[in-house]
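# Coordinate inspection notes
Here are the chains, one letter per residue:
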Amino acid sequence: MTTQALPSALAAIVDDFQALTEPERLQLLLEFSQGLPELPERLKDHPELLEQVVECQSPLFLTIETEKAGSPAGAVRLFFKAPPEAPTTRGFAGVLHEGLDGLSAEEILSVPDDMPELLGLTRAITPLRMRGMTAMLGRIKRKVAASSAVRS
């Protein structure tokens, strides 16, 4: 698979990872973990609004919201909660947030399920952690699809 099948922001992130050596890729993943935005106040005290991705080794919770832009293709907003002591999980969430946040449902649903493998981390990170990122993407896509079906 090439990055041409990806939305432009996500393709740029994948290109950045692919241009680096494995140790540099891990450093970039850590940078994404530090850049993961905090939950907005309206979600911080309402854990019931977040869904846990149980496939992740570290506790990771997420939710989506679709902006009411007046059109059926409103922007999808992603929100993640992951502990600071889980930099790999936070890094994966940061990659997905930066690459997918603000896109339309159609753009998110078109992301190939095996996109995490394009980051080139499969030898540097355990298969269990890679499954966690794939599960994050899958959960986002399922929530987006369900939200789109409700809005149709």
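So, a few notes on the structure that sits alongside this text. (Residues numbered from 1 in each chain as written. Predicted model: local features only at pLDDT ≥ 70, side-chain atom pairs only at ≥ 80, totals over all residues. Heavy atoms only, no water.)

### Considerations on the overall build of the chain
- Scanning the chain from N- to C-terminus turns up 6 helices and 3 strands.
- The helix and strand sequence of the chain, counted from the amino end, reads α-α-α-β-β-β-α-α-α.
- Taking the principal axes of its C-alpha atoms as reference, the chain extends roughly 45 × 35 × 20 Å.
- Out of the 152 residues in the chain, the part that is buried amounts to 47%.
- Entry remark: accessible area of the chain is about 7800 Å², with carbon and sulfur atoms responsible for 53%.
- With 15 positive and 21 negative side-chain charges, the chain shows a separation of 5 Å between the mean positions of the two kinds. (Helix = DSSP H or I, 4+ residues; strand = E, 2+ residues; numbered from the N terminus. Buried < 20%, exposed > 50% of the residue type's maximum accessible area, 1.4 Å probe, protein only. Areas by Shrake-Rupley, 256 points an atom, 1.4 Å probe, with all protein chains shown as cover. Lys, Arg positive; Asp, Glu negative; His and termini not counted. Charge placed at Lys NZ, Arg CZ, Asp CG, Glu CD.)

### Details of the sheet that holds strand E2 (residues 61-66)
- An order of E1-E2-E3 is seen for the 3 strands of this open sheet, with the pairing classed as antiparallel. What marks the edges here is a single partner per strand, and that holds for strand E1 (51-52) and strand E3 (76-81).
- Of the strand pairs in this sheet, E2 and E3 are connected by 6 bridges, and their pairing is antiparallel. Bridging from a neighbouring strand, Thr-63 pairs with Phe-79 of E3. (Pairing = 2+ DSSP bridges.)

### Brief notes about the pattern of salt bridges
- A full pass over the atoms with the stated rule returns 9 salt bridges.
- Among the salt bridges present, the one from Arg-139 reaches Glu-51, with a minimum N-O distance of 3.1 Å. With Arg-139 in helix H6 (residues 127-151) and Glu-51 in strand E1, the pair connects residues that are 88 residues apart, well separated along the chain.
- Take Arg-139: its relative accessible area is 9%, and that puts it in the buried class.
- Where salt bridges share partners, they join Glu-51, Glu-55, Arg-139 and Lys-143 into one cluster. (Salt bridge = Lys/Arg side-chain N within 4 Å of Asp/Glu carboxyl O.)

### Concerning helix H1 (residues 8-18)
- Inspection of H1 places Leu-10, Ala-11, Ile-13, Val-14 and Phe-17 among the buried residues, and these make up the whole buried set. All buried residues of H1 lie within an arc of 160 degrees about the axis, which places them on one face of the element.
- Structurally, H1 contributes buried residues whose contacts are with helix H2 (22-34) and helix H4 (87-100). (Arc of directions from axis to C-beta. Contact = heavy atoms within 4.5 Å.)

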